[in-house]
Amino acid sequence: MPRVLILGGAGYLGLAVGQALLRSGNHSVFATTRDGDKLTSLTANEITPIKGDATDSKFLVDTITAYYIDVVIDTTQAYGDVGTMLNSIVQAARNRADALAKDKAIGPKLGFIYTSGSWVHGSPDRRVSDLTVPGTSLAPDKPATAVAWRPAHEQTVLAARDVLDVAILRPGAIYGRGSWVFSPWWGPLLAASKSGSQGPVGIPVDAKTRTGIVHVDDLAAAYLATVDKIGHGLGSWPVFDVVTENVAIDSVLTGAASVLGVKGPIQYQGTHGDAFLEAVALVASSDSSRARSILGWEPKRRDFIQNLDVIVSAWQTTQK
Ligand SMILES: NC(=O)c1ccc[n+]([C@@H]2O[C@H](COP(=O)([O-])OP(=O)(O)OC[C@H]3O[C@@H](n4cnc5c(N)ncnc54)[C@H](OP(=O)(O)O)[C@@H]3O)[C@@H](O)[C@H]2O)c1
């Protein structure tokens, strides 16, 4: 059984990925967390918890080595330390290659899946796919400011292919269960609903926003498919946009307002230079045909607007 280590595995995405890997019956799953309180949650999910900080080089190299890890998946939000983490993973891969060479043996490379995001495409004026290389003159738009660093890091990950088998997944905004990315939009609606206000509800978004989305379980299935194919069968460009729909903001907000029983009208307030809000408010034109054709990905949750009642209700249970 391949042994898979998920960095940030107790997080929103990481936990779903761990559960999908376990459900396949084909993987042993390990996960790092810095937070002692999350160790029990990992254990309860049959994931072997490893307490430590993935941005600590010694910890990460030692963990990959001591647990005989075959594939590492980064689902952290350690944005300022992605280079350090990649260097540690490369170091562990070199150690593994050296050990094999010492035994005059040929063996598989360490696998690494980096989680990027669809915001690297910005708001393109034409349909883009994962064959469009963001951050270059060939891309129709620049990445969102909040993730302006990410295309360069993607390139560094791809350049490590001499020692690692790599893949990059670029999810759209992830929804389902305790999704946090819609909170800036649905939070004010929930507050208006609780207060019973009939006045306008200001939402920090642009009226033209169209957001690329994917359900957390569908996304986890894409990671499972990638783990199963990494090292063979991903082709020369192992980069996959993972989005099921591009939904217009109007239907997202009116649908959620109806579910939450909001009485007043919605007012688009714009994002006022806030980098995170700007990223959520992109005009997406994403496409995941390569994930379907190459990974064999078959997303099941394609009716976001029709299912908003259960989706918003699930989100609401996670709000304090
Ligand atoms: N959520 C989305 O809509 C979305 C969309 C596209 C891409 N993504 C990408 O998916 C990845 C995971 O997102 P998520 O929604 O699962 O986030 P999340 O729930 O916040 O989980 C991320 C985990 O990263 C770990 N972490 C955060 N800062 C860290 C640091 N400085 N050093 C080490 N570990 C750190 C935390 O683990 P511990 O506290 O347990 O150590 C946390 O649980 C991110 O790279 C994100 O950019 C997310």
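Calculation notes
- Once a new chain begins, its residue numbering starts again from 1 and follows that chain's sequence as written.
- A pLDDT threshold of at least 70 governs which residues receive local features in this predicted model, and a stricter bar of 80 or more applies before side-chain atom pairs are shown or counted, although totals over entire chains, interfaces and linings include all residues.
- Remark: hydrogens and water are excluded; side-chain values derive from all non-hydrogen atoms of the structure.
- By definition, any uninterrupted DSSP run of H or I lasting at least four residues is a helix, any uninterrupted run of E lasting at least two residues is a strand, and each is numbered from the N terminus.
- All radius of gyration figures rest on C-alpha atoms, and the globule criterion is 2.2 Å times the number of residues raised to 0.38.
- Burial classification: accessible surface area is computed with a 1.4 Å probe over protein chains only, and a residue below 20% of its type maximum counts as buried, one above 50% as exposed, and the rest as partly exposed.
- At least two DSSP bridges between two strands are required for those strands to pair.
- Each axis is a line fitted through C-alpha atoms, and for a helix only the stretch in contact is used; angles between axes span 0 to 180 degrees, taken between their N-to-C directions.
- Contacts: residue pairs with any heavy atoms within 4.5 Å of one another.
- Helix span is expected to be 1.5 Å times the residue number reduced by one.
- Residues are classed as near a molecule or strand on a simple rule: at least one heavy atom within 4 Å of it.
- Any pair of nitrogen or oxygen atoms within 3.5 Å is treated as a polar contact; in protein, a donor-acceptor pairing is required on top of that, and neighbouring residues in sequence qualify only through side-chain atoms on both sides.
- In this analysis a 1.4 Å probe is tested at points of a 1 Å grid over the protein atoms alone, and where it fits but cannot get out there is a cavity; an open set with protein on both sides within 12 Å along at least five of seven lines is a pocket; lining residues have an atom within 4 Å of a point.
- A molecule is said to be in a cavity or pocket once over half of its atoms fall within 2 Å of that pocket's grid points.
- Note on residue categories: nonpolar means Ala, Val, Leu, Ile, Met, Phe, Trp, Tyr, Cys or Pro, charged means Asp, Glu, Lys or Arg, and polar means any other residue, Gly included.
- Grid points are joined across faces, edges and corners, and a volume is the space filled by probe spheres set on the points.
- Note on ring pairs: Phe, Tyr and Trp rings are taken, using the six-membered ring of Trp, and paired if centres are within 6.5 Å. Classes follow the plane angle, with under 30 degrees stacked, over 60 edge-to-face and the rest tilted.
- UniProt positions are given in the numbering used here, feature names are shortened, and annotations may be inferred rather than shown by experiment.

## Remarks on the overall build of the protein
Secondary structure summary: the protein contains eleven helices and twelve strands in total. Against the 2.2 N^0.38 benchmark of 20 Å for 320 residues, the protein shows a C-alpha radius of gyration of 20 Å, consistent with a compact globule. The principal-axis extent of the C-alpha atoms belonging to the protein is close to 75 × 45 × 35 Å. Classification of the 320 residues of the protein by burial places 51% in the buried group.

## Things to note about the sheet that holds strand β3 (residues 48–51)
Strand order in this open sheet of seven strands is β3-β2-β1-β4-β5-β6-β10, and the pairing throughout is parallel. One side of each edge strand has no neighbouring strand; the edge strands of this open sheet are β3 and β10 (239–242). Here the average twist between neighbouring strands, direction ignored, is 20 degrees. Against the sheet, helix α1 (residues 12–24) engages β1 (3–7), β2 (28–33), β4 (71–74) and β5 (110–115), with an angle of about 170 degrees to β1. Contacts between helix α4 (residues 82–102) and the sheet are confined to β1, β4, β5 and β6 (164–171), with β5 contributing the most and set at about 170 degrees to the helix.

## Some thoughts on α1
Because each turn of an α-helix spans 3.6 residues, side chains separated by three or four positions end up pointing in the same direction. Along its 13 residues, α1 runs 19 Å from first to last C-alpha, staying within 8% of the 18 Å computed at 1.5 Å per residue. Buried residues of α1: Leu13, Gly14, Leu15, Ala16, Val17, Gly18, Ala20 and Leu21, and no others. Of the residues one or two after α1, glycine 25 is the one with positive phi, at around 75 degrees.

## Here we look at the sheet that holds strand β9 (residues 210–215)
Spatial strand order, β7-β9-β11: three strands in an open sheet with mixed pairing. At either margin of the open sheet sits one strand with a lone partner, and together these are β7 (173–175) and β11 (245–248). Strand-to-strand, the axes of this sheet are offset by a mean angle of 45 degrees, without reference to chain direction. In terms of strand pairing, β7 meets β9 through three bridges, oriented parallel. Bridge assignment links tyrosine 175 to a residue of β9, and that residue is histidine 215.

## With respect to the site of the ligand
Near the ligand there are 22 residues, and of these Thr33, Arg34, Thr76, Tyr79 and Trp180 occur at the shortest range. Note that an oxygen atom of the ligand is positioned 2.9 Å from one of the side-chain N or O atoms of glutamine 77. Contact distances for the ligand include 2.9 Å between an oxygen atom and a side-chain N or O atom of arginine 150. One can see that the ligand is located within the largest pocket. At the level of secondary structure, the elements contributing two or more residues to the shell around the ligand comprise α1 and β7. For the shell around the ligand, the class distribution of residues is nine nonpolar, nine polar and four charged.

## So, unusual backbone geometry
As a rule of thumb, non-glycine residues mostly have phi less than zero, and peptide bonds are mostly trans rather than cis. For glutamate 46, which is not glycine, the phi torsion reads 65 degrees and is therefore positive. For glutamate 46, the position within the fold is in the loop between α2 (39–44) and β3. Overall, glutamate 46 belongs to the exposed group, its relative accessible area being 65%. Although it is not a glycine, histidine 272 sits at a positive phi angle of roughly 50 degrees. Structurally, histidine 272 is set in the loop between β12 (266–268) and α9 (275–280).

## A short note on the layout of surface pockets
Its volume calculated, the largest pocket comes out at about 920 Å³. Taken together, 38 residues make up the lining of the largest pocket; nearest its centre are Thr75, Thr76, Gln77, Tyr79 and Trp180. Going through the elements one at a time, α1, β2 and β7 are the ones with two or more residues in the lining of the largest pocket. For the lining of the largest pocket, the class distribution of residues is 17 nonpolar, 16 polar and five charged.

## Quick word on the packing of aromatic side chains
Inspection of the entire model under this criterion finds ten aromatic pairs. Judged by centre distance (5.6 Å) and plane angle (75 degrees), the ring pair of tryptophan 186 and tryptophan 315 falls under edge-to-face. Of the two residues, tryptophan 186 sits in helix α6 (residues 183–195) while tryptophan 315 sits in helix α11 (residues 308–317), which places them 129 residues apart along the sequence. The exposure class assigned to tryptophan 315 is buried, which follows from its relative accessible area of 1%. By the ring-pair criterion, three or more aromatic residues cluster together here, those being Tyr175, Phe182, Trp185, Trp186, Phe304 and Trp315.

## With respect to the UniProt feature "domain: NAD-dependent epimerase/dehydratase" (unreviewed entry) in the protein
Residues annotated by UniProt as "domain: NAD-dependent epimerase/dehydratase" (unreviewed entry) correspond here to residues 4–229. As annotated, residues 4–229 comprises 38% helix and 19% strand, and the C-alpha atoms at either end are separated by 13 Å.

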